[in-house]
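Survey of secondary and tertiary structure
One-letter residues, chain by chain:
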Amino acid sequence: MKIKSAVFSRVLSDEMASRHRRMKQLEARRREEIYTKIPVIASLDRDSRSLAFDFGKRILSGEEQDGILYAASSLIASHEAERTQLLESNGYPADYLEPQYVCSECRDTGRIGGELCRCVYQLAIDTVFEDSGIDPNASFENFDLSLQRSPANRSAMARIRDAAIAYADNFPDNEKRDLVYYGMTGVGKTYLINCIGCRLLTRGYSVLKISAGRLIDITMQTLRADESEKPDFILPDLLIIDDLGTEPMINNITIETLLSILCRRQDQNKATIIASNLAIADMGNRSDSADKQQIRAETISSRYGERFASRLMAPRTSKLQWIQTENVRLMR
């Protein structure tokens, strides 16, 4: 679904109206609470409104404007300082009576200057895909290295986690824009990419995490839909595709869809993270057990072709991370 679709326009209008309504209701409840517990604040607010009205009348009557504005701002600032001190001395935060916006960047207007706010893009993603696909409980704060039984695996996973944290904290200014995590089932790829998505959501970026299977299912369901109602996989700041290799291989659909999404996102300098159980390439005659486990009948190159693989694994723009630790699912 495009950002300009009629359906989304209604959703956006309803959401912004709901935000303003909730904010006003919260303001009213908090004001009533504070005025009851700290009556002097109610008196200060009345005085500030009265001062503003009186000074406005004086300006309209022709008095010198600069002097009036200076006097008014000084008196109102004094009232604000006293109000803040009273709130804090009674155990309330200084901004307790200020507007509580859902999005502080656009102040719930949906725009910053002439541009749509990131919160609007995330709302569009949530509207089309029901939610971002990110589990808020799977975060770096909850990352549990103790699931790795051996010191070597704990150390390896700590390095991978720290690199993922750096990627999320530096986004979108990373040297390598795209990430590819690959390895055996259960080594923590999905949890790791969810942690990155969770961190970016808290930083205000738009994120969509979706399995490759669902991506192809949605594509099939909307093949004949109006262009404006088709899902827009280019919209989010970060697109996370999980379980690449488990989706149905539909002739003239699967590879073409994935390649188109990847190419368009790269051409627009938008980041993509992919997780897969498939190997990057044939592991050949390597002899250690970890390498043997990674050998697959299919690789990313053999399943999707060299054009897709070369786009996905371009050294200039992509970082490849092979995760070789234990299957933590078997230990729970």
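For the structure given in this document, a descriptive report is provided here. (Residues numbered from 1 in each chain as written. Predicted model: local features only at pLDDT ≥ 70, side-chain atom pairs only at ≥ 80, totals over all residues. Heavy atoms only, no water.)

1. Notes on empty space enclosed by the protein
Within this structure, the stated rule accounts for 2 cavities of 30 Å³ or more. One number sums up the size of the largest cavity: a volume of about 40 Å³. Lining of the largest cavity is provided by Ile241, Leu258, Ile261, Leu262, Thr272, Ile274 and Phe308. For the lining of the largest cavity, the secondary structure elements donating two or more residues are helix H8 (254-267) and strand E6 (271-276). Residue contributions to the lining of the largest cavity peak at 3 residues, all from H8. (1 Å grid on protein atoms, 1.4 Å probe; cavity = no way out; pocket = protein on both sides within 12 Å on 5 of 7 lines; lining within 4 Å. Points joined across faces, edges and corners; volume = space filled by probe spheres on them. Helix = DSSP H or I, 4+ residues; strand = E, 2+ residues; numbered from the N terminus.)

2. What about the pairing of strand E3 (residues 178-183)?
Among the 6 residues that make up E3, 6 are buried, leaving the element largely enclosed by the rest of the structure. Residues Asp178, Val180 and Tyr182 line one face of E3 and the alternating positions Leu179, Tyr181 and Gly183 line the opposite face, and both faces are buried. Where E3 meets strand E7 (residues 318-323), 6 bridges bridge the pair, whose relative direction is parallel. Within E7, the position partnered with Tyr181 by the bridge is Gln321. (Buried < 20%, exposed > 50% of the residue type's maximum accessible area, 1.4 Å probe, protein only. Pairing = 2+ DSSP bridges.)

3. Concerning the packing of helix H7 (residues 212-221) against H8
It is the contact of H7 with H8, at a shortest axis distance of 11 Å, that shows an interaxial angle of 105°. Taken together, the axes of H7 and H8 lie roughly perpendicular to each other. Packed against H7, whose contacting residues are Leu215, Ile216 and Thr219, the element H8 presents Thr254, Thr257, Leu258 and Ile261 at the interface. A per-class count over the contact of H7 with H8 returns 4 nonpolar, 3 polar and no charged. (Axes fitted to C-alpha atoms, helices over the stretch in contact; angles between N-to-C directions. Parallel < 35°, antiparallel > 145°, perpendicular 65-115°, else oblique. Contact = heavy atoms within 4.5 Å. Nonpolar A, V, L, I, M, F, W, Y, C, P; charged D, E, K, R; others polar.)

4. As for the nonpolar core
Ranked by internal contacts, the top residues of the largest apolar core, which has 30 residues, are Leu215, Phe233, Ile300, Phe308 and Leu312. For this core, the elements supplying multiple residues, two or more each, are helix H4 (118-129), E3, strand E4 (207-211), H7, strand E5 (238-244), H8, helix H10 (300-304) and helix H11 (306-312). Among the elements that line this core, the one with the most residues is H8, at 5 residues. One finds Phe143, Phe171, Ile196 and Ile323 within the second-largest nonpolar core, a separate group that totals 28 residues. (Core = buried A, V, L, I, M, F, W, Y, C linked by side-chain atoms within 4.5 Å.)

5. Regarding the side chain of Ser276
For Ser276, the position within the fold is in strand E6. At 2.7 Å, the side chain of Ser276 forms a polar contact with the backbone oxygen of Leu244. (Polar contact = N/O pair within 3.5 Å; in protein donor to acceptor, adjacent residues only side chain to side chain.)

6. Structural notes on the packing of aromatic side chains
Throughout the structure, instances matching the rule amount to 6 aromatic pairs. When the ring of Tyr304 is compared with that of Phe308, the centres are 5.1 Å apart and the planes differ by 45°; the resulting orientation is tilted. The burial state of Tyr304 is the same as that of Phe308; both residues are buried. What links up through ring pairs into an aromatic cluster is the set Tyr167, Phe171 and Tyr205. (Phe/Tyr/Trp six-rings, centres within 6.5 Å; stacked < 30°, edge-to-face > 60°.)

7. Considering the sheet that holds E5
One open sheet accounts for 5 strands, arranged E4-E5-E6-E3-E7; its pairing is parallel. Looking at strand neighbours, the two that pair on one side only are E4 and E7, the edges of this open sheet. Here the strands of the sheet are splayed against their neighbours by 15° on average, with no regard to which way each runs. Bridging between E4 and E5 involves 5 bridges; their strand directions are parallel. Paired with Ser211 across the strands is Asp242, a residue of E5. The strands touched by helix H6 (residues 189-202) within the sheet are E3, E4, E5, E6 and E7, with E3 carrying the most contacts at an inclination of about 155°. Against the sheet, H7 touches E4 and E5, its axis set at about 95° to E4.

Bear in mind that shape data such as this cannot, by itself, settle questions of function.
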